[in-house]
Amino acid sequence: MGSKQAGALYDEADLRRADSLAREIFSDVANKWALLIIETLGDRTLRFSELRDQVEGISHKMLTQNLRMLERNGLAERTVHPTVPPRVEYTLTGPGRALRATVDLICDWTHEHLRHIESARHRFDT
């Protein structure tokens, strides 16, 4: 790989650049619904309705948009079974499962620091 190609790849991965692909991907996956969908799917394969039931508060539209985004970015796979009505299932891909490890860390951090954050909010709001 020549240095020009390496430079182009670095530019695409530089979160500080407004036009980088990495920033676009970060923006896509760093939202509450995407994180909750990734966490919920885990190592399982779930139907759309199962996901909707398990991600409390998500609308049909939001779930659809986020699943499409995850599929577009190669983080989730959609399988349509030829039944009547069609049965649609979702599962994380290898990169999606790798991202889930990071999502798990964020969830662990949230649980660990929840009391501190609640206290800080209480002090700030009074």
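Anything mentioned here points back to the structure above.
Keep in mind that what you see is a predicted model, and the values were worked out from it rather than measured.

S.K.: Describe in detail the overall build of the chain, supporting the description with residues and values.
M.R.: Per the secondary structure count, the chain includes six helices and three strands. When the helices and strands of the chain are read in sequence order from the N terminus, they spell out α-α-α-β-α-α-β-β-α. At 18 Å, the chain has a C-alpha radius of gyration far larger than the 14 Å of a compact globule built from 126 residues. With the principal axes as the frame, the chain shows a C-alpha extent of 55 × 50 × 25 Å. Here the chain holds 126 residues, and the buried ones make up 26% of them. Considering only contacts within the chain whose residues lie at least 6 apart along the sequence, 44% involve residues at least 24 apart. Of the roughly 9,000 Å² that the chain leaves accessible, carbon and sulfur atoms contribute 55%.

S.K.: Kindly report on the packing of helix α2 (residues 21-29) against helix α5 (residues 60-72), identifying the contributing residues and their values.
M.R.: Between α2 and α5, whose axes approach to 10 Å, the crossing angle comes to 145°. When the axes of α2 and α5 are compared, the crossing they make is left-handed. Every residue of α5 that contacts α2 at Glu24, Asp28 and Val29 is listed here: Met69, Leu70 and Arg72. Residue composition of the contact of α2 with α5, grouped by class: three nonpolar, no polar and three charged.

Cut-off values and rules
Residues numbered from 1 in each chain as written. Predicted model: local features only at pLDDT ≥ 70, side-chain atom pairs only at ≥ 80, totals over all residues. Heavy atoms only, no water. Helix = DSSP H or I, 4+ residues; strand = E, 2+ residues; numbered from the N terminus. Rg over C-alpha atoms; globule rule 2.2 N^0.38 Å. Buried < 20%, exposed > 50% of the residue type's maximum accessible area, 1.4 Å probe, protein only. Contact = heavy atoms within 4.5 Å. Areas by Shrake-Rupley, 256 points an atom, 1.4 Å probe, with all protein chains shown as cover. Axes fitted to C-alpha atoms, helices over the stretch in contact; angles between N-to-C directions. Left-handed = near helix turned anticlockwise from the far one by under 90°. Nonpolar A, V, L, I, M, F, W, Y, C, P; charged D, E, K, R; others polar.

Don't take any of this as a statement about function, it's just geometry.
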